[in-house]
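Coordinate analysis (summary)
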Amino acid sequence: QVQLVESGGGLVQPGGSLRLPCAASGSIFSINRMGWYRQAPGKQRELVAAITSGGSTNYADSVKGRFTISRDNAKNTVYLQMNSLKPEDTAVYYCNVRGKTTMSSSFDYWGQGTQVTVSS
């Protein structure tokens, strides 16, 4: 079993910043990919940013240049630094972690979600 703990959401004014950490714990043999997704009311969940174990990253076009994803492999933690926030960034943000519990058993877990609201 793998547990994900997210934090860092909240209310912020346009142009402000937030940092979302997500820590994975439990029966983890290795982690291949860590990512953040978001879902706004009435919309589908979408990828915001992801990072592989080797450090390769990819971002949604809408957040490039404003958001930065990073990870601390020793702590099994992924961070999403969000700068220059816009009202359209308002959504529930979900952490996703993919890896292995053993050499032959994979996992794909989601966090509980954290609300980010950008409003004046």
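Before reading further, recall that the structure is shown in the block above.
Right, let's walk through the structure included here.

1. Observations regarding the overall build of the chain
Counting its secondary structure elements, the chain contains zero helices and eleven strands. Beginning at the N terminus, the succession of helices and strands in the chain can be written as β-β-β-β-β-β-β-β-β-β-β. A globule of 120 residues ought to have a C-alpha radius of gyration of about 14 Å, and the chain, at 14 Å, matches this closely. C-alpha extents for the chain along the principal axes are approximately 50 × 25 × 25 Å. Per-residue burial for the chain yields a buried fraction of 39% across its 120 residues. Across the chain, the fraction of contacts at a sequence separation of at least 24, relative to all contacts at a separation of at least 6, is 55%. As presented, the chain carries roughly 6,200 Å² of accessible surface, and 47% of it is formed by carbon and sulfur atoms. Each charge sign in the chain was given a centre, from 12 positive and 7 negative side chains, and these centres are 3 Å apart.

2. As for the sheet that holds strand β3 (residues 18-26)
Working definition: the strands of a sheet are paired by backbone hydrogen bonds and lie parallel or antiparallel to each other. The antiparallel open sheet is built from four strands, whose spatial order is β1-β3-β8-β7. The outermost strands of the open sheet, each flanked by one partner alone, are β1 (2-6) and β7 (67-72). Along the sheet, successive strands turn relative to each other by an average axial angle of 15°, direction set aside. When β1 meets β3, the two strands line up antiparallel, connected through five bridges. Residue pairing in the sheet places Val5 in a bridge with Ala23 of β3.

3. Let's talk about the packing of aromatic side chains
Following the criterion strictly, the structure yields two aromatic pairs and no others. A centroid spacing of 4.9 Å and a plane angle of 65° characterise the contact between Tyr37 and Trp110, whose relative ring orientation is edge-to-face. Taken together, the residues Tyr37 in strand β4 (residues 30-39) and Trp110 in strand β10 (residues 106-110) connect sequence positions 73 residues apart. Overall, Tyr37 belongs to the buried group, its relative accessible area being 11%. A centroid spacing of 5.7 Å and a plane angle of 50° characterise the contact between Phe107 and Tyr109, whose relative ring orientation is tilted. Take Phe107: its relative accessible area is 7%, and that puts it in the buried class. Given a relative accessible area of 25%, Tyr109 falls into the partly exposed group.

4. Here's the deal with unusual backbone geometry
Most of the time, phi is negative for any residue but glycine, and the peptide bond is trans. Positive phi is not limited to glycine here, since Asn76 has a value of about 50°. Here Asn76 is to be found in the loop between β7 and β8 (77-82). The exposure class assigned to Asn76 is partly exposed, which follows from its relative accessible area of 23%. One non-glycine residue, Ser84, lies in the positive phi region at around 50°. Relative to the helices and strands, Ser84 resides in the loop between β8 and β9 (91-100). The class for Ser84 is partly exposed, based on a relative accessible area of 40%.

Rules used throughout
- Residues numbered from 1 in each chain as written.
- Predicted model: local features only at pLDDT ≥ 70, side-chain atom pairs only at ≥ 80, totals over all residues.
- Heavy atoms only, no water.
- Helix = DSSP H or I, 4+ residues; strand = E, 2+ residues; numbered from the N terminus.
- Rg over C-alpha atoms; globule rule 2.2 N^0.38 Å.
- Buried < 20%, exposed > 50% of the residue type's maximum accessible area, 1.4 Å probe, protein only.
- Contact = heavy atoms within 4.5 Å.
- Areas by Shrake-Rupley, 256 points an atom, 1.4 Å probe, with all protein chains shown as cover.
- Lys, Arg positive; Asp, Glu negative; His and termini not counted.
- Charge placed at Lys NZ, Arg CZ, Asp CG, Glu CD.
- Pairing = 2+ DSSP bridges.
- Axes fitted to C-alpha atoms, helices over the stretch in contact; angles between N-to-C directions.
- Phe/Tyr/Trp six-rings, centres within 6.5 Å; stacked < 30°, edge-to-face > 60°.

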